[in-house]
2 protein chains.
Amino acid sequence: MVGPPVKPTRVQEVYDRIRASLLNGELEPGSKLKIGDFTARYGVSLSVVREAVTRLAGEGLVEATPQRGFAVATLTVDALQDLTRARVLIETLALSESIKFGDLAWESAVLATHHTLAGTRMTTADGHVAPDFTVAHRTFHNALLAGCGSARLEGIATGLRDCAELYRHWSQEFAHEADRDIAAEHRAIAELTVARDEAGATRALREHIERTTAALVRYVERTGPAPTSAYSA
Amino acid sequence: MVGPPVKPTRVQEVYDRIRASLLNGELEPGSKLKIGDFTARYGVSLSVVREAVTRLAGEGLVEATPQRGFAVATLTVDALQDLTRARVLIETLALSESIKFGDLAWESAVLATHHTLAGTRMTTADGHVAPDFTVAHRTFHNALLAGCGSARLEGIATGLRDCAELYRHWSQEFAHEADRDIAAEHRAIAELTVARDEAGATRALREHIERTTAALVRYVERTGPAPTSAYSA
DNA sequence: GGTCAAGAGAAAATCGATATTAATGACCGC
DNA sequence: GCGGTCATTAATATCGATTTTCTCTTGACC
């Protein structure tokens, strides 16, 4: 009888905070993560920050280069397209499985999370991405795949999505996708999914993901090959 | 002009060695990984071992429990079946993509690695799994998926396979699968793959994976719920 | 004018010690 | 005699200092 520990360890706290910063777009892709800065900001020792960042590197949110430290994952157009391809393949796979095996509770969750998403404004008054929206968006997409019945598959899909999320912020800040009706895309995905239309739902999801990438590519190509990579020179 | 670092860091060395030990079945699933032991064995400091093990935990080869240290990943029957399902879905997906998009070099590599595998004895004189075979086996399976054109997808598949590899040793040591002709399975997979028979090849791969799991399940059920988990009590 | 090399400075990697926390077993009360 | 409580012990988590490695600047040389 051992409950999951009640008191989070320092590493866990720091990990959570840095991760949130990354996903909120508070750190520029490609920029160096100086361990020293974080020790000061969070009032912990090198080791703690180091371990937290090492974990993030394992998830692919951060790039680790021996002897040269850590940097927020950079994204070249090539890498972005590989990421997108992997996401499309794996997320549509998970969605197919969900549609095949998902139960009523899953269906209900899809509807509920979509309703929440639909009722959340995407941008704040000053034009930034609303934190609420980010959360609702992720929750909705997670719900879609939650019926697949495989914790591993779900985890993999979520990990890939988080990698992409790193950059979604940057594209949305700069390349307002005026020509998209994102709400409609979400609605279509939700409706086709609960209607158990496997082909339709996966197609809608694929297009949704690919449109987001297209916007990202436009952004990356306009900004240059992403803020200086740790290597590239 | 920055080449990949020539001199491996201590963490990297320790990481590699522990990882190899895990994959070679030198550490019993579920057993605790005492940091202190490793510092003595490898002549490095706590921090180094800790970081190496943290990385392994990120890959799923090791379980980390706050305040209670690290243990070799345990495998319940449930978790094993989830792992298998994820592997089947993702490896067959990657194989399909390979068959669709793989080029001549990929085809050649499949044939070459299969030939090597076919020419390598599985067990040593004393009945253990031959290290050569383990390497050849992994190389072959990697080659199958290498044509999929997505480094990410390939990496994910490899990661899942490594997780399973952790236990393959234990099943093979104890449950000699007399009723299987593993060589024939590999041959079928290789032939169907180079023949670009997508349905056939993926079916053969799926059955190959599922047969291995069946043997593992027999082993786990016979041995009990795997050598005492860090939790379970 | 440009290239390359030496040196100062900054950052990462590693270490050994300290503070916390969990596991172990003896001890006491019921 | 049994269950529970409290010291003891072992291992983890954290820290701050030291060593090693890279980076950037400066200046000599081609």
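Just so we're clear, the structure is a prediction, and the values are computed from it rather than from any experiment.

About the thresholds
- Residues numbered from 1 in each chain as written.
- Chains lettered and ligands numbered in written order.
- Predicted model: local features only at pLDDT ≥ 70, side-chain atom pairs only at ≥ 80, totals over all residues.
- Helix = DSSP H or I, 4+ residues; strand = E, 2+ residues; numbered from the N terminus.
- Buried ≥ 20, exposed ≤ 12 C-beta atoms within 10 Å, placed from the backbone.
- Contact = placed C-beta atoms within 7 Å.
- Domains from an automatic or database assignment.
- Nonpolar A, V, L, I, M, F, W, Y, C, P; charged D, E, K, R; others polar.
- Least-squares fit on C-alpha atoms with pLDDT ≥ 70 in both.
- Near = placed C-beta within 6 Å.
- UniProt positions renumbered as here; feature names shortened; annotations may be inferred.
- Pairing = 2+ DSSP bridges.
- Axes fitted to C-alpha atoms, helices over the stretch in contact; angles between N-to-C directions.
- Expected span 1.5 Å × (residues − 1).
- Arc of directions from axis to C-beta.
- Core = buried A, V, L, I, M, F, W, Y, C linked by C-beta atoms within 7 Å.

The next subject is the overall build of chain A. Scanning chain A for helices and strands turns up 9 helices and 3 strands. From first element to last, N terminus to C terminus, chain A shows the α and β order α-β-α-α-β-β-α-α-α-α-α-α. Scored against the burial criterion, the 233 residues of chain A give a buried share of 40%. Looking at chain A alone, contacts between residues at least 24 apart form 74% of all its contacts between residues at least 6 apart.

Moving on, we get to the domain arrangement of chain A. All names here are of chain A. Split by domain assignment, chain A resolves into domain 1 (10-72) and domain 2 (77-223). A straight line from the C-alpha centre of domain 1 to that of domain 2 covers 26 Å. If you look at the interface, domain 1 gives 8 residues, while domain 2 gives 9 residues. Of the residues contributing to the side of domain 1 that touches domain 2, the split by class is 4 nonpolar, 3 polar and 1 charged.

What follows is about the interface of chain B and chain A. Taken together, the contacts link 25 residues of chain B with 27 residues of chain A. Of all the elements in the fold, those that place two or more residues in the side of chain B that touches chain A are α3 (46-59), α4 (77-101) and α7 (151-174) of chain B. Taken together, the residues of the side of chain B that touches chain A sort by class into 12 nonpolar, 7 polar and 6 charged.

Of the transformation superimposing chain B on chain A, the axial component is 0.0 Å and the angular component is 180 degrees, with the fit at an RMSD of 0.0 Å. Look at the turn and shift together and you get a two-fold axis relating the two. No C-alpha of chain B approaches the rotation axis more nearly than that of B:G58, which lies at 2.8 Å. Both copies present the same face, since 100% of the interface residues in chain B are matched by interface residues at the equivalent positions in chain A.

The immediate surroundings of DNA strand C are formed by 20 residues, with A:G69, B:T9, B:R10, B:V44 and B:S45 found nearest. Of all the secondary structure elements, the ones that give two or more residues to the surface near DNA strand C are α2 (35-42) and α3 (46-59) of chain A together with α1 (10-23) and α3 of chain B. Top contributing element to the surface near DNA strand C by residue count: α3(B), with 3 residues. Looking at the surface near DNA strand C residue by residue, the class counts come to 8 nonpolar, 8 polar and 4 charged.

Around DNA strand D there are 19 residues in total, and A:T9, A:R10, A:V44, A:S45 and B:G69 lie nearest to it. The leading source of residues in the surface near DNA strand D is α3(A), at 3 residues. Looking at the surface near DNA strand D, its residues break down into 8 nonpolar, 8 polar and 3 charged.

Using the residue numbers shown here, the UniProt feature "domain: HTH gntR-type" (unreviewed entry) corresponds to residues 8-75 of chain A. Within the segment residues 8-75 of chain A, helix and strand shares are 53% and 15% respectively, and the terminal C-alpha atoms sit 32 Å apart.

On to the sheet that holds strand β1 (residues 32-33) of chain A. Residues and elements named next belong to chain A. Strands sit in the order β1-β3-β2 across an open sheet of 3 strands; the sheet is antiparallel. Lying at the two open borders of the sheet, with one neighbouring strand each, are β1 and β2 (62-65). Pairing analysis gives 2 bridges linking β1 to strand β3 (residues 69-72), with the strands arranged antiparallel. Looking at the pairing, L33 lines up with F70 of β3. Where α3 meets the sheet, it contacts β1, β2 and β3, and its direction lies at approximately 110 degrees from that of β2.

This part covers the sheet that holds strand β3 (residues 69-72) of chain B. All names here are of chain B. Judged by pairing direction, the sheet is antiparallel, and its 3 strands sit side by side in the order β1-β3-β2 without closing on themselves. Taken across any chain shown, the strands that pair with only one partner, and hence form the sheet edges, are β1 (32-33) and β2 (62-65). Sitting on the sheet, α3 touches β1, β2 and β3, and the angle it makes with β2 is about 110 degrees.

Residue and element names in this part refer to chain A. Positioned with a positive phi, R196 is a non-glycine residue whose angle comes to about 60 degrees. Within the element layout of this structure, R196 appears in the loop between α8 (182-194) and α9 (198-223). The exposure class assigned to R196 is partly exposed, which follows from the 13 C-beta atoms found within 10 Å.

So, about helix α5 (residues 104-118) of chain A. All names here are of chain A. Relative to the 21 Å expected for 15 residues at 1.5 Å per residue, α5 spans 21 Å between its end C-alpha atoms, a close match to the ideal helical length. All buried positions along α5 are accounted for by W106, V110, T113, H114 and L117. Summarising the axial view, the buried residues of α5 lie within an arc of 105 degrees, below the 170-degree limit, and thus occupy one face. More than 90 degrees from the buried face of α5, the exposed residues found are L104, A105 and S108. Elements in contact with the buried residues of α5: α4 (77-101), α6 (131-145) and α8.

Residue and element names in this part refer to chain A. With 4 bridges connecting them, β2 and β3 associate as antiparallel partners. For A64, the partnering residue across the bridge sits in β3 and is F70. The loop that links β2 with its antiparallel partner β3 comprises 3 residues; one of these, Q67, has a positive phi angle of about 70 degrees.

So, about the nonpolar core. Formed by 116 residues in total, the largest nonpolar core has its most connected members in A:A52, A:V53, A:V62, B:A52, B:V53 and B:V62. Beyond its immediate stretch of four places on either side in the chain, B:V53 contacts B:I18, B:L33, B:V62 and B:F70.

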